[in-house]
Amino acid sequence: MQTSFSLTQLADPAMAASEKILRTCVHCGFCTATCPTYLLLGDELDSPRGRIYLIKDMLEGNKPAVPEVVKHIDRCLSCLSCMTTCPSGVHYMHLVDHARAHIEETYTRPFGDRALRAVLAFVLPYPNRFRLALLGAKLGSPFRPLVARVPGLGNRLAAMLDLAPAELPNRNRTDRPGTFPAETRALEASAALQGTTAPARTAPARTGRVALLRGCAQSVLRPDFNEAAIRLLTRHGVEVVQARGEGCCGALTHHMGKAESSHAQAKRTIDAWIAEMDGEGLDAIVVTASGCGTTIKDYGFMFRDDPAYAEKAARVSGIAKDVTEYMAGLGLMPTLIESDLVVAYHSACSMQHGQGIRTEPKNLLKRAGFAVKDVPEGHICCGSAGTYNILQPEIAGRLRDRKVANIERMRPDVIATGNIGCATQIGKGTAIPIVHTVELLDWATGGPKPAAIER
């Protein structure tokens, strides 16, 4: 793609990076075949290629965002399926992130939209605020029909109420800063509890030391995910630390274009992890929410021009791993249960497209003895996409229904995924229990049966 940015414009590092991405695009249109919004809406401007044209015109002309551009950029899920499909290697993620930041700086949204986005940015990255908001949602759920009729906002407010859990999980004992030491005889103890005489080996002491991201929304909605990860990792001889001072990774607000707040959140978390790296050291930073993992692995790019954080951010990104990615390298110990459960594995977009992790989770589940099935149209987003299922509820709902229909065709006993957003979104559309992949691995190697399956 030919561009005509001025030298003054290209002096801005963000603009220079976007110009390089734009020049990579060859207009081939392969991306339209895997774009969820183009699949549903059939509008070229709701495809990656169409959005690239809109972004190019806006940035190259140094224009403030206009409603038509905002509409089509807002409809983008950032699922990144287009990046997997693109034969030219167009880094669409960085381009659309830049476009969203430009929109945030140059466009004044209608008051209701602006207020809703401000509330989401104020609440979701902070567990205590989020927990309080969910309690409020429970009280407000009987009034959903009235809420849905609020002009301009009703559909999105109703979506927020619909996504809130009927019962809020109790606070988890592991949801705190601290260190969880590696176990040395976990396998023998697990075998005894199972009442089996099957041979078991001793897990070696301290095979590694990792920091585990506590996260924000996940720690409130599904604290069992990280609890299972801690059990699994310590059972395999890994010391787990949840760093003091760590908070939200910044992903939620980053994808809303709120660069200032997302970078501030990321910096706090980077500082917390660097303290651990420079102290006792870390082999990896392990993440159980693939949406967060994609952003953390991109810290090096996000802070590339920040003299105070460029080096620190690159160090953090360099050792960040999804929990299944880390476990695949570590190796799964012999399993202690036999299960005939059929598992439909839903690969989150941020996992398969954002991080390129495709086979590791499925191979681990098979190694643990589960029958694993791929979901038809597995490359198509479920509609969660951070705050997308709140801000674009109609499109998100259609994508969820499509995803659930494809999953239920497989007639699985349980659904496994590696992202809290997907678990929440899909779980609202089906009665099939949905768990984190790590919960099944924990169960297979001596942990408790996942609560969702037990129920």
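Just so it is clear, the structure is predicted and the values come from calculations on it, not from any experiment.

Chemist: Which residues make up the sheet that holds strand E5 (residues 320-322), and what are the values?
Modeler: Judged by pairing direction, the sheet is mixed, and its five strands sit side by side in the order E1-E3-E2-E4-E5 without closing on themselves. Edge positions in the sheet fall to strand E1 (178-180) and E5, since each has one partner strand and no second. Each strand axis lies, on average, 30° off the axis of its neighbour in the sheet, ignoring direction. One ladder, built from three bridges, connects strand E4 (residues 284-287) with E5; its direction is parallel.

Chemist: So what about the nonpolar core? Which residues, and what values?
Modeler: Judged by nonpolar contacts, the single largest core of 93 residues is most densely connected at Trp273, Ile296, Tyr299, Val316, Leu365 and Phe370. Apart from the residues within four sequence positions on either side, leucine 365 is in contact with Val343, Tyr345, Phe370, Val372, Ala416, Thr437, Leu440 and Leu441.

Chemist: Could you give an account of the sheet that holds strand E7 (residues 371-374), with specific residues and numbers?
Modeler: Read across the sheet, four strands follow the order E7-E6-E8-E9 without closing on themselves; strand pairing throughout is parallel. Only two strands of the sheet have a single neighbouring strand rather than two, namely E7 and strand E9 (434-436). Each strand of the sheet is rotated relative to its neighbour by a mean of 35°, with strand direction disregarded. Strands strand E6 (342-345), strand E8 (414-417) and E9 of the sheet are contacted by helix H26 (residues 437-444), whose axis makes an angle of about 75° with E9.

Chemist: Account for the side chain of histidine 72, naming residues and giving values.
Modeler: Along the chain, histidine 72 turns up in helix H5 (residues 67-74). Judged by its relative accessible area of 1%, histidine 72 is buried. A polar contact is formed between the side chain of histidine 72 and the side chain of glutamate 68, at a distance of 2.9 Å.

Chemist: Outline the pattern of salt bridges, supporting the account with residue identities and numerical values.
Modeler: A full pass over the atoms with the stated rule returns 33 salt bridges. The partner of glutamate 104 in a salt bridge is lysine 258, and the shortest N-O contact between them spans 2.9 Å. Residue glutamate 104 is located in helix H7 (residues 92-106), and its partner lysine 258 is located in the loop between helix H15 (251-254) and helix H16 (259-278); the two are separated by 154 residues in the primary sequence. Judged by its relative accessible area of 17%, lysine 258 is buried. With its nearest N and O atoms 2.8 Å apart, the salt bridge here joins glutamate 325 to lysine 297. Note that glutamate 325 is positioned in helix H20 (residues 323-330) and lysine 297 in the loop between helix H17 (290-296) and helix H18 (299-302), a separation of 28 residues in sequence. The class for glutamate 325 is partly exposed, based on a relative accessible area of 22%. A single network of salt bridges, built from pairs that share partners, joins Asp74, Arg109, Asp113, Arg117 and Arg156.

The rules we used
- Residues numbered from 1 in each chain as written.
- Predicted model: local features only at pLDDT ≥ 70, side-chain atom pairs only at ≥ 80, totals over all residues.
- Heavy atoms only, no water.
- Pairing = 2+ DSSP bridges.
- Helix = DSSP H or I, 4+ residues; strand = E, 2+ residues; numbered from the N terminus.
- Axes fitted to C-alpha atoms, helices over the stretch in contact; angles between N-to-C directions.
- Core = buried A, V, L, I, M, F, W, Y, C linked by side-chain atoms within 4.5 Å.
- Buried < 20%, exposed > 50% of the residue type's maximum accessible area, 1.4 Å probe, protein only.
- Contact = heavy atoms within 4.5 Å.
- Polar contact = N/O pair within 3.5 Å; in protein donor to acceptor, adjacent residues only side chain to side chain.
- Salt bridge = Lys/Arg side-chain N within 4 Å of Asp/Glu carboxyl O.

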